Amino acid sequence: MVIESLKYRSVLQELLKKSQIGKEIKGEGRLLALSYDFLIGDGLKNKKYLKIFTKYKSVLKNGLTLMKVKRKATCNEDLLPKDVTTHMPRYARVNLLAGKTAKEIEETLKESFNVLKPTPDSFVQTALEMTSKDVLVDPSLKGLFAFHSSTNIADLFLNKEGYLIIQDRASCLPPFVLAPKEGETVLDCTAAPGNKTHQLASAVGRKGKVIACEADPKRFRLLSSRMKQLYAGEIVESKFQDYLKIDVTQKPWSDCTKIMLDPSCSGSGMAHRRIMQ
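Keep in mind that what you see is a predicted model, and the values were worked out from it rather than measured. (Residues numbered from 1 in each chain as written. Predicted model: local features only at pLDDT ≥ 70, side-chain atom pairs only at ≥ 80, totals over all residues. Heavy atoms only, no water.)

Helix and strand content of the protein chain: 12 helices and 9 strands. Principal axes of the C-alpha set define a box for the protein chain whose edges measure 70 × 45 × 30 Å. When burial is assessed residue by residue, the protein chain has 45% of its 277 residues classed as buried. A separation threshold of at least 6 residues defines the contact pool for the protein chain, and within that pool the share at least 24 residues apart is 64%. In the form shown here, the protein chain has an accessible surface area of approximately 15500 Å², with 54% of it arising from carbon and sulfur atoms. A gap of 8 Å separates the mean positions of the 45 positive and 31 negative side-chain charges of the protein chain. (Helix = DSSP H or I, 4+ residues; strand = E, 2+ residues; numbered from the N terminus. Buried < 20%, exposed > 50% of the residue type's maximum accessible area, 1.4 Å probe, protein only. Contact = heavy atoms within 4.5 Å. Areas by Shrake-Rupley, 256 points an atom, 1.4 Å probe, with all protein chains shown as cover. Lys, Arg positive; Asp, Glu negative; His and termini not counted. Charge placed at Lys NZ, Arg CZ, Asp CG, Glu CD.)

Right, here's the structure in full:
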């Protein structure tokens, strides 16, 4: 929240000048953080400060709307000064179990985007300079594409039909490093929501198996349904199971030749993306 507040500092300061709220809340840092939460973030939870901000709600909210109109901004990020704006790419991985190869998906993307193929050395710079018309082929992670931050991947036909799976680059790394071979049996210890589980399933193929453990009942149901939706139901054996309590000497656990354990979830790399922004 502190990082985001500092990003929007000039925007928030301009809005706050139009109200008298600074007389009721002392400290610029505190006021910036609270106003960010109230106007842009997840909303104020503190009842004391929420009551104060509610008094100035119309001035602040209307001011933000008017600012967007004047600057022709379609979202809050468009208001950011250029020196603090970095558009980090969004990623999508090819679902090899859906019947199309990465090359076929690439050819389909060429119908709507400029498909670029940077080298490993030039990938980061190219990603930072890409436009909404570009798509990058990841030079290190096969089958992964990078889209501009303004591209709504969820609305793409390829995503709706299951040919592309939205998955951050950080999340793709554990299965990539584990590198299971076709036909292997792999244990995913903390599986839900299942993006990495599916990636493992794509690697081992229909001759292999992924045994996916999930101890939380809601997340287990999500895991099971997602694997069926993404054509991995026959490969992934979902288990409502605490992996710490399995007996590795007994089947099916003893059949596993590789184990993936990502308890903190590499999707936490998303926080790193916000810091870089």
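Continuing now.
Okay, the sheet that holds strand E6 (residues 185–188) next. Here 4 strands make up an open sheet; going across it, the order is E8-E7-E6-E9 and the pairing parallel. If you trace the sheet from one side to the other, it starts and ends with strand E8 (236–240) and strand E9 (258–260), each paired once. Between one strand and the next, the sheet's axes are offset by a mean angle of 20 degrees, whatever the strand orientation. As judged from the 3 bridges shared by E6 and E9, these two strands associate in the parallel manner. Paired with Val-186 across the bridge in E9 is Lys-258. Sitting on the sheet, helix H10 (residues 195–204) touches E6, strand E7 (209–214), E8 and E9, and the angle it makes with E7 is about 165 degrees. Against the sheet, helix H11 (residues 217–229) engages E7 and E8, with an angle of about 170 degrees to E8. (Pairing = 2+ DSSP bridges. Axes fitted to C-alpha atoms, helices over the stretch in contact; angles between N-to-C directions.)

Below, the discussion takes up the pairing of strand E4 (residues 144–147). Burial along E4 is two-sided: Leu-144 and Ala-146 facing one way and Phe-145 and Phe-147 facing the other are all buried. The pairing of strand E1 (residues 90–94) with E4 spans 4 bridges and is antiparallel. The partner of Tyr-91 across the bridge, within E4, is Ala-146. Here strand E3 (residues 134–137) pairs with E4 via 3 bridges, running antiparallel.

In short, the description is geometric, and any link to function would need to be established separately.
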